[in-house]
Amino acid sequence: MKRALVLEGGGAKGSYQIGAYKALRELNIDFDYVVGTSIGAINAAMICQGDWNLAEKIWKDIKYSDILDCDDDKISSFLNDKISVENAREKIEFLKKVIENKGIEVKPLKRLLDDYIDEDRIRNSKVRFGLNTVDVKNRRMLNLFIEDIPKGKLKDYIRASSNLFLFKQDIMEGENLIDGGYIENNPYKMVDELSDEIVIVSLKPWNLEDDLIYGDKYTIIKSDDENFPRSLEFEKDKMRYAINLGYYDTMRVYCDLFGCDYYFRRISKKDSLNVILSAFYDGGNLNNFIAKKLPIVFDDMDISPSMDYDRIVERFLDNLAKKSNVDRFKIYEISELSNLILNSNQNLTINDKKLLNSLKNV
């Protein structure tokens, strides 16, 4: 059976992919192909040459000036601070400079690739590397595996795959090649016919096709987290957050974990109902209690009573853990998470406490 890993483009969001791959390694999931677009191509190269752990170290400490020829504070201010009377002139001057230079210079990115990409190791790797880039002159997508790339030119093609219009353009031996994400940000088609199983680490999940989301062949690792970094937001805290997010989102997929914001062991519908009854059932007609009284309890707890019982428990724990400021990045047993919430939140309702105490015994 052949398995492929597909890494979408997304700039600073690419830190998420290294966290995901760290989890895949721990789960002993190996790949025959690793292909990527843009930042996904850079991550794919590091993975194929066996340096994913080095890539993690780089991502944890990366700065704007490691990618772009700019001052870290100035570009951070330009990208993150809302325009105001005080900073309007500075923002306009920055834009003028970019226009005059015909884009932002990316010499630091070139140096980064020179320092860390080892073409020989990638060519000799057991894992087959691939990327895509757009040929502007001929208006076509180039899907290239390592053997399709001229020897000595791998770094040039990786750079071409991540060549945004915002960047100062390089002409490579008469070819104008730009970021593959402009046409095909998810290069899964490169490996679709070659692989029996495809794992996609998506940085722009809103663009995923239904065939990928619902197809048995595809495993999707993704996040809709509101704190996900933006494409050019190379902030250290954001990078480290996204690495953790990628790691635990991958564990959620492969270890069948519950939670939207948090990660905890799954509980069956039957066990969930028993826990709920243990917390709230006080005798009388059971069917009448489930049909009439229990929905009122859930409504008071701001939980939809129409959900399955296991989903009710999931939503309940997820919401309370967030309100209680429980550490997010850990895989919890349900009893452990319930105890933490009970011990850290002084504003719990009587119904909250009833259900949490019942969950302590799961």
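Residues numbered from 1 in each chain as written. Predicted model: local features only at pLDDT ≥ 70, side-chain atom pairs only at ≥ 80, totals over all residues. Heavy atoms only, no water.

Colleague: What is the right way to read the nonpolar core from this model?
Modeller: Side chains of a nonpolar character, in soluble globular proteins, are inclined to be buried together. Core analysis: the largest hydrophobic core is formed by 62 residues, its most contacted members being L5, V34, F129 and I158. Not counting the four nearest positions on each side in its chain, L5 is found in contact with Y21, L24, F31, Y33, V34, V35, I47, V199 and V201. In this structure, L294, V313, L317 and I341 belong to the second largest nonpolar core, which totals 32 residues. (Core = buried A, V, L, I, M, F, W, Y, C linked by side-chain atoms within 4.5 Å. Buried < 20%, exposed > 50% of the residue type's maximum accessible area, 1.4 Å probe, protein only. Contact = heavy atoms within 4.5 Å.)

Colleague: What's the story with unusual backbone geometry in this structure? I'm lost.
Modeller: Only a minority of non-glycine residues have a phi that is not negative, and only a minority of peptide bonds are not trans. Even without glycine at this site, R139 takes up a positive phi of about 50°. Mapped onto the elements of the fold, R139 is located in the loop between β3 (128–135) and β4 (140–145). Positioned with a positive phi, D256 is a non-glycine residue whose angle comes to about 55°. Considering the arrangement of structural elements, one finds D256 in the loop between α10 (236–254) and β8 (257–258). Overall, D256 belongs to the partly exposed group, its relative accessible area being 43%. (Helix = DSSP H or I, 4+ residues; strand = E, 2+ residues; numbered from the N terminus.)

Colleague: Explain helix α12 (residues 286–300) here, please?
Modeller: Note: α-helices contain 3.6 residues per turn, so residues at a spacing of three or four share the same orientation. With 15 residues, α12 should cover 21 Å at 1.5 Å per step; its first-to-last C-alpha distance of 20 Å lies within 8% of that length. Its axis deflected by about 40° at K293, α12 carries its strongest bend there, up to four residues before the proline P295. Among the residues of α12, those classed as buried are F289, L294, V297 and F298. Those residues of α12 that are buried are in contact with α11 (269–280), α13 (309–323) and α15 (350–359). For α12, the N-terminal cap is N285; the gap from its side-chain oxygen to the backbone nitrogen of N287 is 3.1 Å. At the C-terminal side of α12, D302 shows a positive phi close to 60°. (Expected span 1.5 Å × (residues − 1). Bend = angle between axes of the 7 residues up to and from the residue. Polar contact = N/O pair within 3.5 Å; in protein donor to acceptor, adjacent residues only side chain to side chain.)

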